[in-house]
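Working through the structure, step by step
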Amino acid sequence: MSSKRKREQELLMYLSKKQDFVTSEELMEVLDVSQKTVYRLINKINNEYVDGPLILSERGRGYKLDYEKFINYQKGLNQYKDGQYTPHERRIRIMEELLLSSPKPISVYQLFSHFHVGESVIFNDEQIMSEVLKKYNLVLERKNRTLAILGEEANIRKAIKDINEIFNVIDIDDLKRNKELNFNRYDVFFILDQLKKIEEDLDITIPYPYNVNIFSHLYILLSRTRKVPTRLYPDKISEQVLENMKNDILYPVAKEVIQNIEKYLNSPLPEIEIYFLYQYLVSSRMQGSIAKTSTFSADVVNVTKTYIEGMSSCLGIELDSQSLFVELANHIKPMLNRLQHNIRVKNSLLSQIKVTYENVFNAVKKVSEMVSERFNLPEINDDENGFITLYFAKAIETGQHLRPIKTLIMCTTGIGTSELLQAKVSKKFPEIEIVDVISTSNTQKSKDKYPEAELILSTVHMKEDVPIPYLLVSAMFTNDDQDRLRKKIEEIYHGN
Amino acid sequence: METNSLFQVYFNSVFKTKEEVFSFLSEIEGNDFYKKREIINLLKEREKVGSTLIAEHVVMPHVQSSLINKSQIVFIHLKKPIKDWDYHSKNVRLVIGILLKENENVQIKKSIASFIRALASEDFVSRLLNSREKEDFTKKILKPLEE
């Protein structure tokens, strides 16, 4: 992404986070640009958006995002345009073609002929593509006016998947109908059928984005095999790994799918394809009976615990709930497989997650580094960190992490203002668990009846001394009352 | 009122002080001197221990007693606000009096409790407060209770 594009994205993200008017001064500071640049960015965004302005401006108040349009706009971004290619798109097209045909060389003339570009542009493109491919341990080789990409098959597949942005935006349910994707429809139906078979055989469902990942893998497998008929891939897999795979319940499923593909393509596939597919299966989150009954390995338990402990100390809150542990462990289990097999799942919500849960995301990032080091794992990338962030964000937002405070509510008759207070408190303070509503005449009795009570909230002054922490609030439960209750809750958590 | 006898609604009532309101509430079940004195006393006791202001301009005096024969929720929409209800409560425009019978049955207690819980919604309270006529007002009370 160019720095200008990036700034546009930053601007939009910031506005979407604020949801209200933002002054141009604030934007200047956030983006670290001049006022002129802010104007220019906003003008550009609004001009590019067809259906009226995306960013509204109002004198004296600043700028505000038209949220509904923004959501539409984001969807639109993901769609492929016809005709004109930007240099970035041109290079992607060329890399795709080379990757699919690898290791076969293709003449430079043939590759670049539809783009109408000169020698110097071609030379420049080669440099840039070389850099990109280096990240996948692939080499772009130039020989006698031809280009070829060389390297291990697993890396080639990975590069195809990453480079072709389309694999990051597809929606499984949408595939059958969506014509803009330019997928081969027969292939799409065939693969969806295989996915369904996998789910049926294992009696599970494979949720998004893992289903998309497997779909992409199979689609690339078909395209690649058609371009380069069966050959021996240079990849080497140890006997031990293959042995382990053959003992896994996922192995027969992977084998069957590969056999089906052989029939579909009417051409034999190398044994290693079973292993490639197996890697994807073992790295996917599965929902259903095997997912439930399977117990977690010591590694999964330890990594999950390390995350929960690390996040607790990073954020300074107590995160101690069984449901968080189980949900997270169910995510960590395939994640460890993904790391081992070097499989990347694109997180299409990443930029939004980063903005919405900035603190949580940064904490996860920190803890992930620690986890990698302690458990000797490959680096955990931001896509993964984004997924993990969601588990913690959910726990925090639903108040799961807070130990409930057992509370009694008190009023003279036990039905008047106390009932009202109860309704107001439970609305605003999920961590308060109201055990009972009692009347003042029963104070002494309640202490015996509810020895576990930690707090009494009352709309009336209490004459006698109460051994339980007690807070007088008005039935209106004003902001002031809420502040005082918040402090009291902190005292209670802190005291323990 | 026919549909739900738990409620009594008075509109454009003229009361100048809290005492006048209490006196009115105590006479709802008749003019028994002893009973009147007891109810006023209980209402005053309750006021002493804590304010019954439940929202801006709304107070909810309430009392539970064995002298009360029939539990009731009494709305008094004041023609002119009561300037000084107590130290905290100024310009009271709506009084929601709750008279609760000792050992009332669970069903009625539940109805009353659910009405009070509805008062936790600021929106509901403001609609009650800003209602201008009795018929309209009744609808607004009955509606959430039917749910």
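Residues numbered from 1 in each chain as written. Chains lettered and ligands numbered in written order. Predicted model: local features only at pLDDT ≥ 70, side-chain atom pairs only at ≥ 80, totals over all residues.

1. Quick look at the confidence of the model for chain B
All names here are of chain B. Here chain B shows a mean pLDDT of 85. Residues at 70 or above account for 92%. When pLDDT is averaged over each helix and strand of chain B, the minimum, 69, is found for helix 5 (residues 134–146) and the maximum, 93, for helix 1 (residues 18–26). Scored by ipTM, the complex comes to 0.72, with pTM at 0.50. (pLDDT = per-residue confidence, 0-100. Helix = DSSP H or I, 4+ residues; strand = E, 2+ residues; numbered from the N terminus.)

2. Quick word on helix 1 of chain B
Turning to helix 1 of chain B, its buried residues are Lys18(B), Val21(B), Phe22(B), Leu25(B) and Ser26(B). The buried side chains of helix 1 of chain B occupy one side of the element, clustering within an arc of 135 degrees when seen end-on. (Buried ≥ 20, exposed ≤ 12 C-beta atoms within 10 Å, placed from the backbone. Arc of directions from axis to C-beta.)

3. Thoughts on the pairing of strand 1 (residues 55–58) of chain A
Note: strand 1 of chain A against strand 2 (residues 62–65) of chain A, four bridges, orientation antiparallel. Residue pairing in the sheet places Ser57(A) in a bridge with Tyr63(A) of strand 2 of chain A. (Pairing = 2+ DSSP bridges.)

4. Considerations on the sheet that holds strand 4 (residues 139–143) of chain A
Residue and element names in this part refer to chain A. Ordered in space as 3-5-4, the three strands form an open sheet in which the pairing is antiparallel. Of all strands in the sheet, those bounded by a partner on one side alone are strand 3 (106–107) and strand 4. Looking at chain direction, strand 4 and strand 5 (residues 146–150) are connected through five bridges and run antiparallel. Within the sheet, the bridge partner assigned to Val139 lies in strand 5 and is Leu150. On top of the sheet, helix 5 (residues 87–101) reaches strand 3 and strand 5; it is set at about 65 degrees to strand 5, its chief contact. (Contact = placed C-beta atoms within 7 Å. Axes fitted to C-alpha atoms, helices over the stretch in contact; angles between N-to-C directions.)

5. Notes on the packing of helix 16 (residues 298–315) of chain A against helix 19 (residues 358–374) of chain A
Residue and element names in this part refer to chain A. Between helix 16 and helix 19, whose axes approach to 9 Å, the crossing angle comes to 135 degrees. Here helix 16 lies oblique to helix 19, going by the angle between them. The interaxial crossing formed by helix 16 with helix 19 has right-handed handedness. Contact residues: helix 16 offers Val303, Thr306, Tyr307, Gly310, Met311, Cys314 and Leu315, while helix 19 offers Asn359, Ala363, Val364, Lys366, Val367, Met370, Val371 and Arg374. Its residues assigned to classes, the contact of helix 16 with helix 19 comprises ten nonpolar, three polar and two charged. (Parallel < 35°, antiparallel > 145°, perpendicular 65-115°, else oblique. Left-handed = near helix turned anticlockwise from the far one by under 90°. Nonpolar A, V, L, I, M, F, W, Y, C, P; charged D, E, K, R; others polar.)

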